[in-house]
Amino acid sequence: MKFVITLLIVWFSALLLSGNVIAAPSEITLELPQIETSQYHRPYVAVWVEDAQQQPVKLIALWVEKPDWLKDLRRFWRKIGRSNTALVDAVSGATQKPGHYTLHWDGKDDQGQMLATGNYTLFVEAAREQGGRSLAKHTFQLPATHGVIEIEAEGELGVISAVMR
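This write-up is about the structure you can find in this document. The residue count restarts for each chain, going from 1 along the sequence in the order it is written. Per-residue local features are limited, in this predicted model, to residues with pLDDT of at least 70; the limit for side-chain atom pairs, both in listing and counting, is 80 or more; totals at the level of whole chains, interfaces and linings are taken over all residues. Working from all heavy atoms in the structure, the side-chain values ignore hydrogens and water.

### Brief notes about the pattern of salt bridges
Thought 1: For this analysis, a salt bridge means a side-chain nitrogen from Lys or Arg found within 4 Å of a carboxyl oxygen belonging to Asp or Glu. Counted under the stated rule, the structure contains three salt bridges.
Thought 2: The salt bridge partner of R133 is E125, with a shortest N-O separation of 2.8 Å.
Thought 3: When the shortest N-O distance is used, the salt bridge between E156 and R128 registers 2.7 Å. With E156 in the loop between β8 (147–151) and β9 (160–164) and R128 in the loop between β6 (118–127) and β7 (133–142), this residue pair connects regions lying 28 residues apart in the sequence. Just as E156 is buried, R128 falls in that class too. Helix and strand labels come from DSSP, where a helix needs a run of H or I of at least four residues and a strand needs a run of E of at least two; each type is numbered from the N terminus. For every residue, the accessible area (1.4 Å probe, protein chains only) is compared with the maximum for its type, and the residue is labelled buried under 20%, exposed over 50%, or partly exposed between those bounds.

### Digging into the nonpolar core
Nonpolar side chains tend toward joint burial in soluble globular proteins.
Thought 1: Counting residues in hydrophobic clusters, the biggest one holds 28 residues, and the most contacted among them are V47, L122 and F140.
Thought 2: Put simply, the parts of the chain that give this core at least two residues each are β1 (26–32), β2 (44–51), β3 (56–63), β5 (99–105), β6, β7, β8 and β9.
Thought 3: We define a nonpolar core as any set of buried Ala, Val, Leu, Ile, Met, Phe, Trp, Tyr and Cys residues linked to one another through side-chain atoms lying within 4.5 Å. Y44, A46, L62 and L70 belong to the second-largest nonpolar core, a separate cluster that totals 14 residues.

### Digging into the packing of aromatic side chains
Thought 1: Note on aromatic pairs: the rings of Phe, Tyr and Trp (six-membered ring only in Trp) are paired at centre separations within 6.5 Å, and the planes decide the class, stacked below 30 degrees, edge-to-face beyond 60, tilted for the rest. Under the defined criterion, the tally for this structure stands at five aromatic pairs.
Thought 2: Seen in terms of ring centroids, W105 and F140 are 6.2 Å apart; in terms of plane orientation they differ by 80°. Their pairing is edge-to-face. Of this pair, W105 sits in strand β5 while F140 sits in strand β7, placing them 35 residues apart in sequence. Neither W105 nor F140 differs from the other in exposure class; each is buried.

### So, unusual backbone geometry
Thought 1: The omega angle of the peptide bond from L142 to P143 is 0°, so this bond is cis rather than trans.
Thought 2: Turning to its location among the elements, P143 is positioned in the loop between β7 and β8.
Thought 3: Residue Q130 is not a glycine yet carries a positive backbone phi of 55°.

### Quick look at the environment of Q53
Thought 1: Along the chain, Q53 turns up in the loop between β2 and β3.
Thought 2: Residues Q53 and N119, 66 residues apart in the sequence, show an inter-C-alpha distance of 9.2 Å.

### Observations concerning helix α2 (residues 74–81)
Thought 1: Those residues of α2 not exposed but buried are R75, F76, I80 and G81. Buried positions in α2, seen along its axis, are confined to an arc of 150° and lie on one side of it.
Thought 2: Whether two residues touch is decided by their heavy atoms; if any such pair falls within 4.5 Å, the residues are in contact. Of the surrounding elements, those touching the buried residues of α2 are β2, β3, α3 (85–91), β6 and β7. The directions from the helix axis to the C-beta atoms form the arc being described.

### Regarding the pairing of β6
Thought 1: Counting buried residues along β6, eight of its ten residues qualify, which places the element largely inside the surrounding structure.
Thought 2: Inspection of the sheet shows β2 paired to β6 by eight bridges, in the antiparallel sense. Bridge pairing in β6 places V45 opposite A126.
Thought 3: Pairing between strands is defined by DSSP: at least two bridges between the two strands are required. Between β6 and β7, which pair antiparallel and follow one another directly, the connecting turn spans five residues, one of which, Q130, has a positive phi of 55°.

### Looking at the sheet that holds β6
Thought 1: The mixed open sheet is built from five strands, whose spatial order is β4-β3-β2-β6-β7. The sheet is open, and its two edges are formed by β4 (92–93) and β7, each paired on a single side.
Thought 2: Looking at chain direction, β6 and β7 are connected through ten bridges and run antiparallel. Looking at the pairing, Y120 lines up with F140 of β7.
Thought 3: Convention adopted: a line fitted to C-alpha atoms gives each axis, helices being fitted over their contacting stretch, and angles between N-to-C directions are expressed from 0 to 180 degrees. Running over the sheet, α2 touches β2, β3, β6 and β7 and is turned about 55° from β2.

Quick look at the structure:
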């Protein structure tokens, strides 16, 4: 019995030291507020991460209906949308109705590599046909030990919170 316990301890220690332990994913919660208007269209929403040099490294979510309106997500369009159509096609999903949504991010870039230690910025952008446009951003560091991000509601976006791990 002692041998089995010792073997398990050695195996687990080796696993920890090898760096192959998968950390819990970061969790990003965002709200799309109910906006009272005679012509409501669901907003287009993009969620992504940029490095310290303002280069996009990970597109986490993209909710769209018609490609023509992607240009209204101005920062997203300039940084990712117009130059990486394959990524846009791979990540995009349907627009969402007002409510609370939770996204998960494993800390990897668009090529599946873990991001290096450093400063990054989380971006959430929303634009609505015949509506407004909102851009929220918050800088964070990796590795993050349960770094908490809180962004107040503004315009097309409700409260955004994230636990970066």
